[in-house]
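# Structure assessment
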Amino acid sequence: MSFFAACISKLVSPLSLAMMSIGGGYFIGKIRIGKIKLQLAGVLTSAVIIGLVVALFPSVHIGETSIMILNDSLLEHMRCFSSLGMTAFVAAIGVQSGYEFRESFTKSHWLYIVVGGLVVLLSALLTYIIGRVDETLDRFLLIGVFCGAMTSTPGLSAVSEMTFSNEAALTIGYGNAYLFGVLGTIMTVRLLQPHDIQSDVNNIPIKTCSLSIFKCAAFLGFVILLGQIIGQVSFFDNAFVLGSTGGILVSGILCGFVVLLTKNDNDILSENLAFFRDIGLILFFVGKGIPAGFSMLQYTNLRTFGYAMVITAFSIGVALMGGYFLTHGKRRTSLYCLCGAMTSTPALGVLMENDSQKSDLSIYTMVYFGALFANVFCSRVLVYLMV
C-alpha cells in the first residue's frame, strides 16, 4: 500500500469518522435557524450526514488498492461508541436524579408515572388503528416503527424475544422510525425551551470541586456495574426486565441518593457529572448517527417514514399536553415530561445543556419509568392483537 493510500485508509477509519462527526457537529450546532440552535445535537446531524456519505461511497479505490469503509469493523466501533456513551450519560443523569429525589420529591410525583404510561398507551392505540386501516403493511414492521418512534429499545427487545417474531422486519421498522423519534423530540425541545435560563457552566464554582475527574469516573464505573446487574432482574415471570439503560438509571438514583444522604456532595459532583454527561451524549450521537445515516439509504420506505412521523408527532403532542396539565403551564417542566415520555435521553441532554435548574430531573425519571414499563407491555400486546 502506497503512502497516500495508507493516509486515506486512516482518514476513513471508524475513529476518524467519529472525530469528523464531532468536529462537524460543533459547527452545525452553532448555526441558528430562528429560535433553534442545535448545539450538542449538531453532532447527531453531522453523524447522520457522514453515514449517508459512507452509504453512497462504501469503498475507495486508489490505484490498485481498494479500501472498504462500510464494513463490520465500522459497525462494531459504532456500537461501542453508542454503548459507552449511553452508559456514561445515563449513569450521570441517574446520580443527579438521586440528588433531586432527596431534595424535591413529593407525593404528586407519582402522577408522572401515569403520564408516561398514558402517552405510550395512546401511541400504541394509534399504531393499532394504523394497522387496521393499512392491512397490507407487515405487522412486525409497524410494531418496529412504533418502538422506533418512541425511541424504545426495551420495547423492541421485548418483541424480538418472542419466538414467532420477524426480527428483520422489526429492525427495519425501528431503523426507519428511530431518527424521527430522536430528532423530533430534540427539535421540539429546542423550539420550546425557555430562553431566560443560563448555562449551568456559569453557575458552577470551578474551584469548589474536591472530587477529581478520576474519582468521579470510578464512582460512575461502580454505578454502571451495579446497573448492569439490576438491569437483568426480571419481573412478572420474565415478562419485563429493566435492561441496561433502566438498570443503570436505577443504580444512579440509588447511589446519588446515598451519597447525598451521607456526604451532601451535590455541589461537589455537579461539575464532573456534567462533563461525563456531555461526553457520553456526544459518543452516543456518533454511535447512533452514523449507522442511522447509511441505514436510511439501505432501508428507505416512504410509507413507514410517514407512519413514523405521525406516531412521533402524536406522542410529542400528548406528552406536552400531559406535562402542561400536571405542571399548571410550566413550559420547562413540561419539556422534562416530554423527554421522559419519549424515553429520550438525548433530548434530555439537549434540554439540560443550558438549564441551570435540575429540580425537574426527578419528574423526568418518574415519567421515564412509566413510559419504560408501558413500552414493553404495549409492544407485546400489539403483537398479540395484530399478528
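First things first, this report covers the structure right here in the doc. (Residues numbered from 1 in each chain as written. Predicted model: local features only at pLDDT ≥ 70, side-chain atom pairs only at ≥ 80, totals over all residues. Heavy atoms only, no water.)

## Things to note about the overall build of the protein chain
When its secondary structure is counted, the protein chain shows 15 helices and 6 strands. Here the protein chain holds 387 residues, and the buried ones make up 54% of them. Residue pairs in contact within the protein chain that sit at least 24 positions apart in sequence constitute 81% of those at least 6 positions apart. Accessible surface, the protein chain as shown: approximately 17,600 Å² in total, 67% of it carbon and sulfur. (Helix = DSSP H or I, 4+ residues; strand = E, 2+ residues; numbered from the N terminus. Buried < 20%, exposed > 50% of the residue type's maximum accessible area, 1.4 Å probe, protein only. Contact = heavy atoms within 4.5 Å. Areas by Shrake-Rupley, 256 points an atom, 1.4 Å probe, with all protein chains shown as cover.)

## Structural notes on the environment of F275
By secondary structure assignment, the location of F275 is in helix 11 (residues 266-298). Overall, F275 belongs to the partly exposed group, its relative accessible area being 41%. A C-alpha to C-alpha distance of 8.7 Å links F275 and I213, two positions 62 residues apart in sequence.

## Comments concerning the packing of helix 5 (residues 110-133) against helix 6 (residues 139-149)
At a closest axis distance of 10 Å, the pairing of helix 5 and helix 6 adopts a crossing angle of 150 degrees. Taken together, the axes of helix 5 and helix 6 lie roughly antiparallel to each other. The hand of the helix 5/helix 6 crossing is right-handed. For the pair formed by helix 5 and helix 6, the contact residues are V120, S123, A124, T127, I130 and G131 on the first element and R139, L142 and F146 on the second. (Axes fitted to C-alpha atoms, helices over the stretch in contact; angles between N-to-C directions. Parallel < 35°, antiparallel > 145°, perpendicular 65-115°, else oblique. Left-handed = near helix turned anticlockwise from the far one by under 90°.)

## Observations concerning a nonpolar patch on the surface
There is a patch of nonpolar side chains on the surface, built from L118, L121, L122, L125, I129, V133 and F314 and spanning about 620 Å² of accessible area. Ranked by residues supplied to the nonpolar patch, first place goes to helix 5 with 6 residues. When you line up the elements, I129 lands in helix 5. (Patch = residues over 30% accessible without salt bridge, like charges linked within 9 Å, V, L, I, M, F, W, Y side chains within 5 Å. Salt bridge = Lys/Arg side-chain N within 4 Å of Asp/Glu carboxyl O.)

## Some remarks on helix 15 (residues 361-386)
At 3.6 residues per turn, the α-helix brings residues three or four places apart onto the same side. For helix 15, spanning 26 residues, the distance from its first C-alpha to its last is 36 Å, which sits close to the expected 38 Å at 1.5 Å a residue. Counted residue by residue, helix 15 has 21 buried out of 26 residues, so it is predominantly covered. (Expected span 1.5 Å × (residues − 1).)

## Quick word on the pairing of strand 3 (residues 59-62)
Bridge count between strand 3 and strand 4 (residues 65-68): 4 bridges; the pairing is antiparallel. Considered in strand 4, the bridge of H61 is made with S66. (Pairing = 2+ DSSP bridges.)

## Here we look at the pattern of salt bridges
As enumerated under the stated definition, the model contains 3 salt bridges in all. A salt bridge links R303 to D134; the shortest N-O distance between them is 2.9 Å. Of this pair, R303 sits in helix 12 (residues 302-326) while D134 sits in the loop between helix 5 and helix 6; the two residues are 169 residues apart in sequence, bridging distant segments of the chain. Assessed through its relative accessible area of 10%, D134 is described here as buried. One salt bridge connects D278 with R277, and the closest N-O pair in it is separated by 3.4 Å. The exposure class of R277 is buried, given its relative accessible area of 1%.

## Brief notes about helix 5
End to end, helix 5 covers 36 Å across 24 residues, agreeing with the expected 34 Å (1.5 Å per residue, within 8%). Every buried residue belonging to helix 5 is among Y112, V115, G116, G117, V119, V120, S123, A124, L126, T127, I130 and G131, and all of these are buried. Contacts made by the buried residues of helix 5 are with helix 6, helix 12, helix 13 (331-341) and helix 15.

## Overview of the environment of P58
You can see P58 is positioned in the loop between helix 3 (42-56) and strand 3. It is 5.3 Å that separates the C-alpha atoms of P58 and I69, two residues lying 11 residues apart in sequence. Look past the residues within four positions of P58 in its chain and what remains in contact with it is I67, M68, I69 and L70.

## Topic: the nonpolar core
Among the nonpolar cores identified, the biggest contains 109 residues, and I93, F146, I186, I290, L338, L348 and Y364 are the most heavily contacted of them. The element contributing the most residues to this core is helix 15, with 14 residues. Once you skip the residues sitting within four places of it in the chain, F146 turns out to touch V120, S123, A124, T127, I311, N375, C378, S379 and L382. (Core = buried A, V, L, I, M, F, W, Y, C linked by side-chain atoms within 4.5 Å.)

## Details of the packing of helix 12 against helix 13
For the pair helix 12 and helix 13, the least separation of the axes is 8 Å and the interaxial angle reads 135 degrees. If you check the angle between helix 12 and helix 13, you find them oblique. Every pair of crossing elements has a handedness; the one defined by helix 12 and helix 13 is right-handed. Every residue of helix 13 that contacts helix 12 at I316, A319, L320, G323 and Y324 is listed here: S334, L335, C337, L338 and A341. Considering only residue class, the contact of helix 12 with helix 13 consists of 8 nonpolar, 2 polar and no charged. (Nonpolar A, V, L, I, M, F, W, Y, C, P; charged D, E, K, R; others polar.)

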